[in-house]
Protein chains: 2
Amino acid sequence: MSKLVVALLDGTLVDPGQPLIHADDFGVLRGDGIFETTLVVDGYARDLTEHLARLEVSATMLDLAVPGAADWHRGIDTVLANWTGGRDMVLRLVATRGRENAGQPTCFAIGGPVNPQIYADRSIGVRVLTLPRGFAGAAAATMPWLLAGAKTLSYAINMAAGRYAHAHDADDVIFVGSDGLVLEGPTATVVIARGHTLITPPTDGILAGVTVRRLYRDAAIQGWLTETAPLKPTDLHEADGLWLVSGVRLLAPVVSIDGVPRSIGQATEELAGILAIPQGLAQKD
Amino acid sequence: MSKLVVALLDGTLVDPGQPLIHADDFGVLRGDGIFETTLVVDGYARDLTEHLARLEVSATMLDLAVPGAADWHRGIDTVLANWTGGRDMVLRLVATRGRENAGQPTCFAIGGPVNPQIYADRSIGVRVLTLPRGFAGAAAATMPWLLAGAKTLSYAINMAAGRYAHAHDADDVIFVGSDGLVLEGPTATVVIARGHTLITPPTDGILAGVTVRRLYRDAAIQGWLTETAPLKPTDLHEADGLWLVSGVRLLAPVVSIDGVPRSIGQATEELAGILAIPQGLAQKD
């Protein structure tokens, strides 16, 4: 009954019911590896070039030699060709440091169904908690060993923050740095609207969002101004719109912060429409 | 040629040459899981009760339901019974959150050879860098979503810190909190000697070391005073002895800090001898 489709980078299709990773793979033993996730709609993997470019950035930060885009495309093509699960698919690209002493990464592409909650989050919004992340983004960005800004397989904190939210009558989290500045969600970029300007925090110590970059590009075509600027939690409360932006959920409006309800934001429908354009840039000309 | 021995918790022996983990296991995709590592000498797994107890603590912090000690012992017994790799073995116990939607953890025990570097570290010591960890231990300890003190599979930062050290003419790292207090090594507890007193930092925001607890217990029998107290980097420089203490390497004397050489410490031989006692407590009576 599994709808998963798994492929190696030589294009081999792997039975998802069979194990793929060895017990001594550093991806398992140490969360030592990197990944990317994006949404596939009607066979089109959104922003794939950008995701592959960010995977390469993460690989450099982890000193991990990963295959090039052509290899990833072979695996991705196999996943896409064998997907029978419907219009939408979540595509994950994974590269671990590989087996102990093997000296080569373990790489695969995996397609699976979209969690139904994603659609609910887009439509009815999410209640967020602001939680301290422990560090300041600008400081973390100067410490390469902290891997801030790399998309690593070590996501236990991100997952724990999500569980903490669910245990406290919320759906998601916005991390705040020890300097009082807004960072990011566990799996999303924070974007606010102030009038007709979109603002997102600088990428110091956080992941550079692929989807927010696309949103900025395509919203600018529709007349939005776009800015990167430090944000404080009060800015979130006072914003005309507040969203969590990410590659699969796309745009999730925030409808409460730390238990304080807020408007879903007038611009939600327009921005969701902009992000829904399959290839981006569709309305440029 | 693999010397690995892998077993499931029902006692089943697994071929280490065959994959064990599915591509959608959260242990791989998110580093979402926990582990323990200890040294086995002549078939005896050191401090196993304490490691299983800490695994349970980590499981609680991650809200992960893991099997009890009896199950782990079944897997461990199979690993021990099938080990042919010599006197010393590294034993790892791993529990991941399991496959997406499976709702049960993936658990296994894995035995493998000790990295030869371990023996060199014990004998000739390690050169450490002090590196900022980004957060303050006491603050992190109040934020359960940061999982500080849990031994999770999300060890990418720990591994990156080690690589950073190696790239900068050092062997290991001592993390320092943003409050200026010494935390821990990426895979070890920090212990200093001041006269005939051993001092280790409080476990706020760091892992509670199993091996340092044994060291304290057995060193006390030999007349050492033992203390838990905040340490600053200057305390490391001024200490009469400085060691990284952990379950496999046991006691690694620090022979330089940030490029400044220091004595291996008169007490290294005595403390190493105390830690080498297989069962601990051997000289109590």
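All values reported here derive from a predicted model rather than from experimental measurement.

J.: What exactly am I supposed to notice about the overall build of chain A here?
T.: On a plain count of helices and strands, chain A comes out with nine helices and 14 strands. Computed over its C-alpha atoms, the radius of gyration of chain A comes to 19 Å, within 12% of the 19 Å expected for a compact globule of 285 residues. Seen through its C-alpha atoms, chain A measures out along the principal axes to roughly 50 × 40 × 35 Å. A buried classification covers 58% of the 285 residues belonging to chain A. Split by element, the accessible area of chain A, about 11400 Å² in all, is 54% carbon and sulfur. Computed over 22 positive and 31 negative side-chain charges, the separation of the two mean positions in chain A equals 1 Å.

J.: What is the right way to read the relation of the copies chain B and chain A from this model?
T.: Two chain copies here: they are related by a rotation about an axis and a translation along the same axis. At an RMSD of 0.0 Å, chain B and chain A line up after a rotation of 180 degrees and a shift of 0.0 Å along the axis. Both chain copies can therefore be described as sitting about a two-fold axis. Of the residues that chain B buries at the interface, 100% are likewise interface residues in chain A, meaning the two copies contact each other through the same surface.

J.: Explanation requested: the interface of chain B and chain A in the structure shown.
T.: Where the parts come together, the accessible area they lose is often given as the size of the interface. Counting residues at the interface gives 50 residues for chain B and 50 residues for chain A. Interface area, chain B with chain A, both sides summed: about 4300 Å², of which 65% is carbon and sulfur. Scanning the region where chain B abuts chain A turns up four salt bridges. The interface formed by chain B and chain A holds 23 residue pairs in polar contact (both at pLDDT 80 or more) in total. At the level of elements, helix H1 (26–29), strand E5 (88–96), strand E6 (106–112), strand E7 (126–132) and helix H6 (156–167) of chain B are the ones that each hand at least two residues to the side of chain B that touches chain A. Here the side of chain B that touches chain A gets seven residues from one element, more than from any other, and that element is H6(B).

J.: What should I look at first to understand the packing of helix H2 (residues 48–61) of chain B against helix H3 (residues 69–82) of chain B in this one?
T.: The axes of two packed helices give the description: the angle between them and the distance between them. Residues and elements named next belong to chain B. With their axes 11 Å apart at the nearest point, H2 and H3 run at an angle of 125 degrees to one another. Classified by the angle their axes make, H2 and H3 are oblique. Taken as a pair, H2 and H3 cross one another with a handedness that is right-handed. Along the contact surface, H2 presents Leu48, Leu52 and Leu55, while H3 presents Ala69, Trp72, His73 and Ile76.

J.: Explain the nonpolar core here, please?
T.: For soluble globular proteins, nonpolar side chains are generally found buried alongside one another. The biggest cluster of nonpolar side chains holds 32 residues, and the ones touching the most others in it are A:Phe108 and B:Phe108. Listing elements by their share of this core, those giving two or more residues are helix H1 (26–29) and strand E6 (106–112) of chain A together with H1 and E6 of chain B. In contact with A:Phe108, other than residues within four places in its own chain, are A:Val6, A:Ala7, A:Leu8, A:Leu9, A:Leu20, A:Ile21, A:Trp72, A:Arg92, A:Leu93, A:Val94, B:Ala23 and B:Val28. Counting residues in hydrophobic clusters, the runner-up holds 30 residues, among them A:Leu129, A:Ala140, B:Phe175 and B:Ile206.

J.: Would you mind going over the environment of A:Gly85 with me for this structure?
T.: Mapped onto the elements of the fold, A:Gly85 is located in the loop between helix H3 (69–82) and strand E5 (88–96). Separated by 81 residues in sequence, A:Gly85 and A:Leu4 have C-alpha atoms that sit 8.4 Å apart.

J.: Just checking my understanding: could you explain helix H9 (residues 268–276) of chain A for this structure?
T.: The periodicity of an α-helix, 3.6 residues per turn, causes residues three or four places apart in sequence to face the same way. Residues and elements named next belong to chain A. Along H9, the positions that sit buried rather than exposed are Thr268, Leu271, Ile274 and Leu275. Relative to the axis of H9, the buried residues are bounded by an arc of 130 degrees and lie together on one face. Tucked inside the fold, the buried residues of H9 contact strand E10 (197–200), helix H7 (210–221), strand E12 (241–246) and strand E13 (250–257).

J.: Would you mind going over H2(B) with me for this structure?
T.: Residue and element names in this part refer to chain B. With 14 residues, H2 should cover 20 Å at 1.5 Å per step; its first-to-last C-alpha distance of 20 Å lies within 8% of that length. Buried within H2 are the following residues: Leu48, His51, Leu52, Arg54, Leu55, Ser58 and Ala59. Taken around the axis of H2, the buried residues stretch over an arc of 160 degrees, which confines them to a single face. Residues of H2 that are exposed and point more than 90 degrees away from the buried face comprise Thr49 and Thr60. On its buried face, H2 is in contact with strand E3 (33–41), strand E4 (44–45), H3, E5 and helix H7 (210–221).

Conventions adopted
- Residues numbered from 1 in each chain as written.
- Chains lettered and ligands numbered in written order.
- Predicted model: local features only at pLDDT ≥ 70, side-chain atom pairs only at ≥ 80, totals over all residues.
- Heavy atoms only, no water.
- Helix = DSSP H or I, 4+ residues; strand = E, 2+ residues; numbered from the N terminus.
- Rg over C-alpha atoms; globule rule 2.2 N^0.38 Å.
- Buried < 20%, exposed > 50% of the residue type's maximum accessible area, 1.4 Å probe, protein only.
- Areas by Shrake-Rupley, 256 points an atom, 1.4 Å probe, with all protein chains shown as cover.
- Lys, Arg positive; Asp, Glu negative; His and termini not counted.
- Charge placed at Lys NZ, Arg CZ, Asp CG, Glu CD.
- Least-squares fit on C-alpha atoms with pLDDT ≥ 70 in both.
- Contact = heavy atoms within 4.5 Å.
- Buried area = accessible area lost by both parts, 1.4 Å probe.
- Salt bridge = Lys/Arg side-chain N within 4 Å of Asp/Glu carboxyl O.
- Polar contact = N/O pair within 3.5 Å; in protein donor to acceptor, adjacent residues only side chain to side chain.
- Axes fitted to C-alpha atoms, helices over the stretch in contact; angles between N-to-C directions.
- Parallel < 35°, antiparallel > 145°, perpendicular 65-115°, else oblique.
- Left-handed = near helix turned anticlockwise from the far one by under 90°.
- Core = buried A, V, L, I, M, F, W, Y, C linked by side-chain atoms within 4.5 Å.
- Arc of directions from axis to C-beta.
- Expected span 1.5 Å × (residues − 1).

Everything listed here is a matter of geometry and, on its own, says nothing about what the molecule does.
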